[in-house]
Structures are given as C-alpha cells and as structure tokens.
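Spelled out, the chains give:
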Amino acid sequence: MSATFATSKWFGGVMATCLLAGVCAGVEFASGTGEPNDPYQIATAEQLCSIGSDPNLLNKHFVLTADIDLDPNLPGGRVFSRSPIAPGEEPSPTRRNDPSIAIYAGFGGVFDGDGHIIWNLVIHAENEPRAGLFGYVCSGGQIRDLGLEGVSIQRPSVDTLAFTAGGLVAINEGGTILRCYANGAVAGPERIALPDGIDKDQIMALAVASDDEIGGLIGVNSGLVNMCYSIVDVSGTGAIGGLIGDNSLGLVYFSFSAGRVRGIGWLGGLVGRSESSTFSRAAGITQDDPGTAIRCFWDVQTSGILDSAAGEGRSTVEMMSGWTYLPWTHTGVWWLYDGHSYPHLRWEVRTTTATRGSSGGTWHGWIDRGQLGYGGGSGDPNDPYRIETAEQFLTIGCHPEDFDKSFVLLADLDFNSMDHSQALPIGFDRVPFNGRFDGQSHCLSNLTISHPRALGVGVFGLVGDASVLSYNDEIEYEIGGVSHATRSSAGAVPPAPTSESVIKDLHLRNVSVVGRQYVGGLIGLGLADVVDCSVNGRVAGMATVGGLVGRPLGGAIANCCTEVQVGGEYDVGGLLGMTDLPVNVSDCQGSGIVTGQLCTGGLIGYALRGAICRCAARADVSGRYSTGGLLGSAWEPTVTVSCCLGAVTGEVSVGGFVGAAGNATIRDCYCRVDVTGGEYTGGFAGTVGRLGDIDRCYAASPLTVSDPDPKLPSAGGFAGYVNETGFAKVDEPPINVAACFCDVDVSGVAEALGNWPSVPDNAASLPTAEMQTAATFLDAGWDFENTWTICEGMDYPRLRWEDVDCDSATTDDGQL
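Residues numbered from 1 in each chain as written. Predicted model: local features only at pLDDT ≥ 70, side-chain atom pairs only at ≥ 80, totals over all residues. Heavy atoms only, no water.

## Describing the pattern of salt bridges
Next up, step 1: Evaluated as defined, the whole model comprises 20 salt bridges.
Next up, step 2: Residues Glu-213 and Arg-273 are paired through a salt bridge, measuring 3.1 Å at the closest nitrogen-oxygen approach. With Glu-213 in strand 13 (residues 212–215) and Arg-273 in strand 21 (residues 271–273), this pair connects stretches of sequence that are 60 residues apart.
Next up, step 3: Residue class for Glu-213 comes out buried when judged on its relative accessible area of 2%.
Next up, step 4: Judged by its relative accessible area of 12%, Arg-273 is buried.
Next up, step 5: Taking the shortest distance from any N to any O, the salt bridge between Asp-580 and Arg-551 comes out at 2.6 Å. (Salt bridge = Lys/Arg side-chain N within 4 Å of Asp/Glu carboxyl O. Helix = DSSP H or I, 4+ residues; strand = E, 2+ residues; numbered from the N terminus. Buried < 20%, exposed > 50% of the residue type's maximum accessible area, 1.4 Å probe, protein only.)

Written as structure tokens, this is what we have:
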C-alpha cells in the first residue's frame, strides 16, 4: 500500500500532550550531534518527544541511554493525541516546495534503542489517520533494539478516515525494523454493529469500506522487519494482524506474535493481509504462497486465530518450545526459557543466568547456537565483516540488513558436522545481496542449501539491484505431451546492466543446492561480477539451473570453473543456466554431468545474449531439444576462441558444440565430442539460424544418428541443418558457415552439412590426416600466429590459450 497523507489537525489535551511543536520545542538532548558516529542521546521523555518538534531532526541518528516511562498517571506523564515521532503530516500549501518536506513527512534516520524500553505509551488518536510511536518511517529509516511495554493505542471516535496503527510504527514504507518488540493493546474504533443474519460477503464489504490496518507492531509494512515480536491485543475492522496489519509489500523474517486478534475483515494471527508479489519469495516460499514472512510464527491459542496471510501457526506449548525455533539457530539474537516463555531478544537478557518468572528458572540458550555478529569488522569496504567460522557464515543469511555490506573469508570452513538444514541463501526477493564477498581463495565445504519450491536459490540467492523478470516473456512448448513455458525470442537488445556487487576468490566443495527456478551453485539469480570462483558438487532445480549461476543479469564472469552434477528441465548448463542480458563470460570452464530437457549445455543452457570468450566445457550432456557440448541453445551471443570435449545425447537439434545456434556469431572454436541424436544432429551444431555466422571452426566428433529420416537429410559431420541467409552474394551459396571443417573418419558421416551437401569451400569434410595438417587451415585463412596452434601430424588445431605442449600432446581426447 502506498501511504497517502491526509491533512492532519492539531489537538490539545487537559494533560501535557507532546505534539510536533510547542510543548517540547527547544529541549536539548543529553549530548551528541545527530551524526552516525555521534548520535543524539535521549534520556528523558522530553528529549524523546523533541524529535518530533523539528522536521530537520527526522533524518538524524538517535540513541536511548535510559528506559523512559510515559505513564499519564505519573508526574509529567502525558496522553498523546497523535504519533509522537513523525506522524506523517502533510505540509501546508505554503510549504509544498520546501526542501525539508521529504524529511518532514517521515522518519528517515536511525533510532537505536540500545536495549532500552519505552513504557506506557498512550495514544488517543481521535480523528488522526495513523498512530504509533512512529507514525511514518520512510526509506532509509531504521529502528533497532527497542522495546515497548504497556502500549495503549486507540481511536475512540468513528469518522470516515481509515485508521492505520501499530505499537511501534503505523506505516513503515521502506524502512528497516530490527530486534524490536511491543507489549500492550492497539484498537481501532468500534465501527460496525453487525445485524443478525449478515453473511460473510456483507461482512467483507463492510471491512473493505472501513479498511483499518492495525498490527501489534506495525500497521502497514512495505519495508524489512527482522527478529521482532509483539504480544499485543489488536482489534479493528479491515486488515488486522498480531504483528502486522498489511504486509503486501513488506518482508518479515524470524519474528513472532502471541497477542489476541479480534475484528472484522482480514484477520491474521501474524499478518492480516499480504498480497503476493510479482516474484516468488526465496528461501522456501512458493510463488503461490500469499505471504512474505519467512521463518515466522504465531500462537493460534492466545490469538484465537487459526489463519494468517503469512507465517506458521503453533500452539502455546509449541511457541514455548525450543524445537519450534530450530530455523532460528543462526540468527544469534534470541534466547528462550524452554517450556516457560516465548523467545526473548538477547538484549533483554542482561546475563545468561538472569532469572525470569516466579519459578526462578534460568534462561537457556536453546536458540543461541549461532554467534552474535561476525568475527570483527564494520562491514565497510575498507573494514569488511570478518568470517572465521561456519556459524558466522550461516549468520549472514539471517541478517538481510547486512546484505549491502562487505565480507571477507579468513579460513576454509567445513559444514559437515553442522545442522545446516535451515541454512538460507544470502539474498532474497527485494532484499538482494548488494555487497562484496572476498573469499581470499578459501573453501566452503559440505554446505547444503535446499529450498525445492523457491526461486533464486544458491549459496547467494539473489544478488544485485536488477529486475528479476526483465525480458522474460513466455512461450509454450511441449515435452512428452505435457505443455510447458519459457521465455520468448530476444526482441530489442537491452542496455548492458552494471554491477557494484562482487563475489571473488571463493571456492565451494561438495556443495548441494536445490531450488525451483533460477538455481545456481554460487548464485541463483544476480547482477554481480563473479571472479576467480569455483563450484564442486550438485545443483538441481526445475528451470534455469547452472553449476555456478542460474541466471546472471549482467556484469562479468571471469576465471571461474565448475565440476558439478546439474539437473533440471529447461535452461540447464554446467556453468550458467541462461544469459538473456548482456553478460561477459571469459576464461571459464564447466565440467561434470549436465541433464535437462530443453536447452541443455555443458557450459550454458540458453545463451540469448552475451559475449563468451576463451571458455571450455568437458561434460556429459544429456537433453532432448537443443542440446550441445558447450551451449544448448544460442540465440544471438558472440562466442569466440572456445572449445568443448565430452559426450552429448539428445533427440532434436543436437550438436557437439551447440545444439541450436540460432543467430549466434561463433568464430575460432572447436569440439571433440561423442554426439548421439535424432533429427538435426551435427558434429559441431545441430541447427544454424538464418542470421547466424560460424567461421573458422571444426569438429572431430563421432556421430550416432538414431532413426534418420531419408526424406529429410538432417545429419552432418559439422552441422545437421543450416538455414539459408537470403543475403548471399552472386556465386556464393546462401549459407552462413565459412572456412569450417569436420573429420569424416571420426564422424562416419560423409557430408559436412546435412542439408547442403556440396559446399566444401564453406564446410569441408576431410580425413584425419588432413585435419591434423596446418596447411589445411592456413589455406582457409586461419590465424596460427595469435589464435591457433597445432602439433603437426599428431593432433588437431588447438587454441593458443590452452598452452599445449606438443611433446605431451595426445590424439585421443585432447586434454583441456
């Protein structure tokens, strides 16, 4: 929901009432300048309320240095008639062009509770549209480590304004709420007296007309809420939730609620209303699930509510059991007196032996199996967070507020002895990893990331600021009589996106990653520079699955390699699942076993665009449609000085180097692959598109063609089928293959091109002896000074970057 600010009114009261101006104006803070390293210090109620007296303070930094009691029954106590801080008042017409308006509208600074509590906040909102300690928190705002006890918020009157309220924040539009809690009651006006016999549809119509949005902690959330809870009785008419009223655009992690929920409309034990977003939630939340709460719970008994728009319901006994919170193992901020209380934030427990309750029991660290913080550092690029243990690494995924920070790995980490079944990818939908991770050539071993229903799964899930659905229109196709869908043809070329995220010098050993779509060993979906990284292990998903990255959205991928088993249905590659945006891939290698259905390749499953240079694959590739040793399908990328070995098996459009070349430009490349296929099978390419361009390439690939159709020649030692270009010059054949060769002795197929049997100047089928002679290629214009080399009479041409030693060259499989 987008916050719409109605013109606010000013109200006085018989008691001393804190408003935006007047009563608290001129109060000085205990100390500080309001800057990040020197926040304003708040020790009294007057200093707290003075934040709201000056709009220029709303983007400053504050820290509580003491608990504050606002009890109206105490001397100097007060009843507030609106939110004490940032009520979200719309400026008067004379101030609409004032540059301070954006600050005036909402809190965009940092409020650090530092483990302190504000007691007995009382707000009688009368005709105000919103109420909470903070009325409106905007993007960039952050509230952390703050507790509210004895909250009482209500609007006694009934008017036409919808009421948005939360114990801590009424509207959080893009801000971050961390490690906070509220206890008390938040109530909307008693709008409706239901007549007898009213049906469900009529009730919902009344709820829509009223549309209050009330939560125990937050009324409306479109930001990030992490590690918070509320034990607040909430009531109203509209979207009413134990923690959050409306969470349609927000994200909630590792939080719970246990207050009573009453009212009419969208009632939720944790969240009242939460519409699904355009992109499915990562970390186990499916595209069809209506929630945006991950690893969150509510008490179905104390709330009286069995349903919620998000979260998982539990009994009171379960809510007080450490077993429920095993998914919170690595958060590092929760403590639980097992069997006697709900979880509490670690800052609430001053010592590990603090007693709680009449039973005199002690706090047990049931949830405290992670480590609070990292091994040091501030997260800045010049002082990155230091990761020294497996626990610290898993903690990163639990703290999305740190996803824009820098990290450095200081040791090899082994996860084999850990319970990492609850490990989360680093980076989620709308909270991607935007930072930097320097592995310093260290290894992560035996790590499992398994979220079979999720989109964007990898050790890093979503990386970089980019639209996850860009240029991904759907087309339908059929496999085994079952209809499926994937993206359409290229269309207009988008601009090359740039990335500030970097993941470098990181190696994964025996990793296991499972997801649904956009699944990669290192990154599921992302816009990042990936340099000097490697993956060894298993990666599985339904679609867009890569050994290193499922779907890169830009940036550069350089000096990376994989040794993996990769499986999926479409767009499956040993290194990358698909590249549909301009991506530079250089000096990379993919190896292992790659299995798919549509668009399956040893290096890349589907290369829509991008530049691929000095890359290699050595894999056993198995697919059905568009299957290739290096590329499954290549629509219009540019591929140069690359090669592949191994074996390829498919049914239609099967090639040793590329299954379906489309309109790709491929130059100075070769393959030596055992190829088994049916219709449109070639030693180098299965099919070549009308506007494609393949120059100075060769294949030395044994061909096995199953069920050939004699009426449709579609098998060739070099390419199974080549489309006419329509742009040929006079006396030139209208095809787009030039100066290419294949070994007829190895392929066992006489013709180089299945449907063009008489164009030897474009693609020649030669015996092995001529294929291992430099003159054959020099006469065709190949560059043996800068690009190619050959061990004369011993081996086929090889690329210079392979650095082949002729004294040890082989003629069997051409070791890469």
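## Focus: the environment of Phe-403
Next up, step 1: Looking at the secondary structure, you find Phe-403 in the loop between helix 6 (390–396) and strand 30 (406–409).
Next up, step 2: Distance from Phe-403 to Phe-428, taken between C-alpha atoms, is 9.4 Å for residues 25 residues apart in sequence.
Next up, step 3: Apart from the residues lying within four places of it in its own chain, the contact partners of Phe-403 are Ile-396, Gly-397, Ile-426, Gly-427, Phe-428, Val-431, Pro-432, Phe-433, Asn-434 and Gly-435. (Contact = heavy atoms within 4.5 Å.)

## Things to note about the sheet that holds strand 17 (residues 244–246)
Next up, step 1: One open sheet holds the 5 strands; their spatial order is 7-10-14-17-21, and the pairing between them is parallel. Single-partner strands in this sheet number two, and they are strand 7 (134–137) and strand 21. Each strand axis lies, on average, 15° off the axis of its neighbour in the sheet, ignoring direction.
Next up, step 2: Strand direction decides the pairing type here: strand 14 (residues 218–221) and strand 17, joined by 2 bridges, are parallel. Considered in strand 17, the bridge of Val-220 is made with Asp-246. (Pairing = 2+ DSSP bridges. Axes fitted to C-alpha atoms, helices over the stretch in contact; angles between N-to-C directions.)

## Focus: the environment of Val-261
Next up, step 1: Along the chain, Val-261 turns up in strand 20 (residues 261–268).
Next up, step 2: Its relative accessible area of 5% is what places Val-261 among the buried residues.
Next up, step 3: The spacing of Val-261 and Ser-235 is 26 residues in sequence and 5.9 Å in space, taken between C-alpha atoms.
Next up, step 4: Those residues within four positions of Val-261 in sequence are excluded, and the remaining contacts are Val-234, Ile-240, Gly-241, Gly-242, Leu-267, Gly-268, Gly-269, Ser-303 and Ile-305.

## Section: the state of the cysteines
Next up, step 1: Enumeration over the complete set of coordinates arrives at 1 disulfide.
Next up, step 2: With a sulfur-sulfur separation of 2.1 Å, Cys-791 is cross-linked through a disulfide to Cys-806. On the S-S bond that ties Cys-791 to Cys-806, the torsion sits near -95°, and the link is left-handed. Placement of Cys-791 in the loop between strand 73 (788–789) and strand 74 (798–799) and of Cys-806 in the segment after strand 74 is noted, with a sequence separation of 15 residues between them.
Next up, step 3: Judged by its relative accessible area of 29%, Cys-806 falls in the partly exposed class.
Next up, step 4: Distance from the sulfur of Cys-296, which forms no disulfide, to the nearest cysteine sulfur (Cys-228) is 9.6 Å.
Next up, step 5: A residue is classified by how much of its surface remains accessible, and Cys-296, at 0% relative accessible area, is buried.
Next up, step 6: Between Cys-740, a cysteine without a disulfide, and Cys-697, which holds the nearest cysteine sulfur, the sulfur-to-sulfur distance is 4.8 Å.
Next up, step 7: Among the residues examined, Cys-740 registers a relative accessible area of 1% and is labelled buried. (Disulfide = S-S within 2.5 Å.)

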